[in-house]
Amino acid sequence: MPRDLLELSGSLPFLDEIYARYCEGSPDVDASWAEVFGPRPAGAATARPTSERPTSERPVSERGRPGAVTLAPLHEAPNVWPLVNAFRTRGHLAAHLDPLELLDAARVPELVPETWGLHEASPAPITPTGVHGLPTGSVADIVAHLRATYAGSVGLEFMHISSPAKRSWLAERMESTVHAPPEPTVRRRMLEHLILAEGFERFCHVKYPGTKRFSLEGSEPVIPLLDLALSEAVRHGAIEAVVGMAHRGRLTALEVIMRRRAREIFAEFEDVEPEVVQGGGDVKYHLGYSCDRDDGMHVSLSFNPSHLEAVDPVVLGRVRAKQTRHGDVEHRQVVGVLVHGDAAFAGQGLVPECFNLANLPGYRTGGTVHVVINNQVGFTASPAEARSTPYCTDVAKMIECPIWHVNGEDLDAVAHVVAIAMEYRAQFGSDVVIDLYGYRKYGHNEMDEPGFTQPLMYQRIQEKESVVATYGRRLVEAEVLTEAEVTELVDARARQLEGELEAGRATRQRPRMAAMAGMWRGYHGGLTAEPADAVTAVPEARLVEVVDRMPRPEGFTPHPKIVRLLEQRADGARRAAARLGMAELLAYGSILWEGNNVRLSGQDCSRGTFSHRHAIITDVRTGSEHMLLGHLHDEQGTPRIYDSPLSEAGVMGFEFGFSLDYPDALVMWEAQFGDFANGAQVIIDQFIVASEDKWNRLSGLVLLLPHGFEGQGPEHSSARLERFLEACGEQNIQVAQPTTPAQMFHLLRRQVRRLAQAAGGDDAQEPLAVAGGEQLARGAGHRHLPARAR
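First things first, this report covers the structure right here in the doc. (Residues numbered from 1 in each chain as written. Predicted model: local features only at pLDDT ≥ 70, side-chain atom pairs only at ≥ 80, totals over all residues. Heavy atoms only, no water.)

1. Looking at the overall build of the protein
Looking only at helices and strands, the protein has 28 helices and 16 strands in total. Counting only residues that meet the buried cut, the protein has 57% of its 790 residues in that class. Considering only intrachain contacts with a sequence separation of at least 6, the fraction spanning at least 24 residues in the protein is 78%. In the structure as shown, the protein presents an accessible area of about 31,900 Å², 51% of it carried by carbon and sulfur atoms. (Helix = DSSP H or I, 4+ residues; strand = E, 2+ residues; numbered from the N terminus. Buried < 20%, exposed > 50% of the residue type's maximum accessible area, 1.4 Å probe, protein only. Contact = heavy atoms within 4.5 Å. Areas by Shrake-Rupley, 256 points an atom, 1.4 Å probe, with all protein chains shown as cover.)

Written out as structure tokens, the structure is:
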């Protein structure tokens, strides 16, 4: 139908051609186009397109779907659309983003009306359909509207998105709301959060001079941004959020966003024994926290080591686990928020690894909110030294998500961007990126001298007025608050922090890291006097029943070799002579039978790199897939087995995060070869083996590491078990190398059974690294460590 073509096209040349033929009364134009175009205009019967038209967008309905449209004869105004699309495509290059005004807005010839044969004083041509809120009047009015939308304090990159519906949605929201200021209550709340952030930072700078805290001064607007983003998430149906961020501004976020009492943070500044309050001696700006907001949302700030973006996949895994636990198949109830630095966003490989997970079935979370604190410098490196792209956010274009660049000193623009970004995420289940331009008032830390390497930047910074002063004055002029009210808010914050400092110094009980709570209540880690082994045996009759319920469905045609393999496996299991592949499946099947979930991810893990697993089989005629362990009985656990992308650190970090929020599941990550774990060494060192000591958190993640020298060289085959053995301490992990099918079966079951015992207070829970032993069909070969979680 023509309406369907209209929804799919988004192409004005196509529509102009159809419209012209419609006006001519051409018989090859379907009569149903009349529903779209309406009556033929008088005198237009011989009209033909006279020039090529650029692609443009169709307007959308309130629900973000392409809607019905009445098309004007756009060929009568051939020069308007190039100007509109120039602003949509390249307007961001001319935006005024830098609060320091060191970056000059580019002069983009395409944004000049004369480029398209227009003159600003001329009357406006026919208003193009699809330009929302465009004023009538002169060309200058049109340019002013487009400049305010796309080249003011906000620059939006969205024309790289291939979907016409998404581009049209963004154009409609941007163009129709640009002149609408936030509600007075929103503006007041943003100022209040600015005052809270600036007050905390300045108080710490005075009371604890020289102490490293990675100050947020110069980028304080990220605090009202985060508050508004979480509020908008609630409005769109979220009940939980997981936040990940590195160091800068973390203490302020803990106190303002996470509602941790300032007295507890000050007590940690005062404490001379950091291990008392900080686990394994880690620093205060690495630790996590959780809280319940006034709007009912539960928010968790994830712990993060110094490895910058290492927390990203952990947050994504936690979000996915919470969504799974809530039964949130639409990925609406839990949202992930990642706060990045500009240099790290462009430079760390984990960022594109995580973006690559965004739309994959086993890792989708319904869109992550990425906030970049853009200080325009990384430690001492300028942007020209830190990246090869115009923006630090260009890597995000790989998944066609919208990218907003916004001047952090224009808080109204920040609110405008956040509202649209959060609605877009909810509407399309997509990642969104907000690049917040600010600056870093001090050096990389408070003991650093930034003038050594950025003298011009820091001369300008010393001259800057605080954002509280500038935005407060703006709200006074807008009569949102009085000057006296602003002064009282600032003074009240100072008094409150003085009281918190006195309370922090007076307390005899130093704050300690939170113990196991929530879903981990009842579990415990650490040394146990007499570790009780779990009962892992399963009655033979139960195993035979698992085998009998594994066959393929009627009419399903696997590869002939798979048919023989399945028959051999079943026969061996019934004779109590199962090989390693079947022993592994029997372990999973018995765990699922008991109602526990199993999640395994890794490169080619559904089949198994060495064709040993075949947990999922494929119909050779239709390409459909069948999960062997998915039909045991109605109340079984859920098997989730995903072939991962060619990523180690990203996927392992995701599974570690999943395991943090799903202690009662068997969660596994499998390396394709043992040495593939090398690419995830940061996740192993900073999270898995140190989880309890550094972060006071437990994880039951299983790593399956194929291990054996089969002729491809030790650098390709060895799981380097010596590294894991060296990382063992105080029962933090288990390392095993099974050599028989029975050992593999009982190791996997033991991991789940020990979890059950731990929940009952009988035993501890530790990650497990399993190096594969013999592959019985071939002699020496590969076997996998307990695998990743889904």
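2. Let's talk about the packing of aromatic side chains
Overall, the coordinates contain 17 aromatic pairs when judged by the stated rule. Pairing W169 with Y424 gives two aromatic rings, centres 5.6 Å apart and planes at 65°, and the pair type is edge-to-face. Here the residue W169 occupies a position in helix α6 (residues 164–177), and Y424 occupies one in helix α16 (residues 411–428), the gap between them amounting to 255 residues. Residue classification places W169 among the buried residues on the basis of a relative accessible area of 0%. Looking at Y424, the relative accessible area reads 0%, which means it is buried. A ring pair is formed by F656 and F687, whose centres lie 5.4 Å apart and whose planes are at 40°; its orientation type is tilted. Of the two residues, F656 sits in helix α23 (residues 649–660) while F687 sits in helix α24 (residues 681–688), which places them 31 residues apart along the sequence. Grouping residues by exposure puts F656 and F687 together as buried. An aromatic cluster of three or more residues is present, and its members are F200, F203, Y208, F266 and F269. (Phe/Tyr/Trp six-rings, centres within 6.5 Å; stacked < 30°, edge-to-face > 60°.)

3. Points about the sheet that holds strand β14 (residues 702–705)
Strand-to-strand pairing in sheets goes through backbone hydrogen bonds, with the strands running parallel or antiparallel. Spatially, the six strands line up as an open sheet ordered β12-β9-β13-β14-β16-β15, and their pairing is parallel. Edge positions in the sheet fall to β12 (639–643) and β15 (734–736), since each of these pairs with one other strand and no more. The mean inter-strand angle of the sheet, taken between neighbouring strand axes irrespective of direction, is 15°. Looking at chain direction, β15 and strand β16 (residues 768–771) are connected through three bridges and run parallel. Residue Q734 lies in a different strand from β16, and its bridge partner there is L768. (Pairing = 2+ DSSP bridges. Axes fitted to C-alpha atoms, helices over the stretch in contact; angles between N-to-C directions.)

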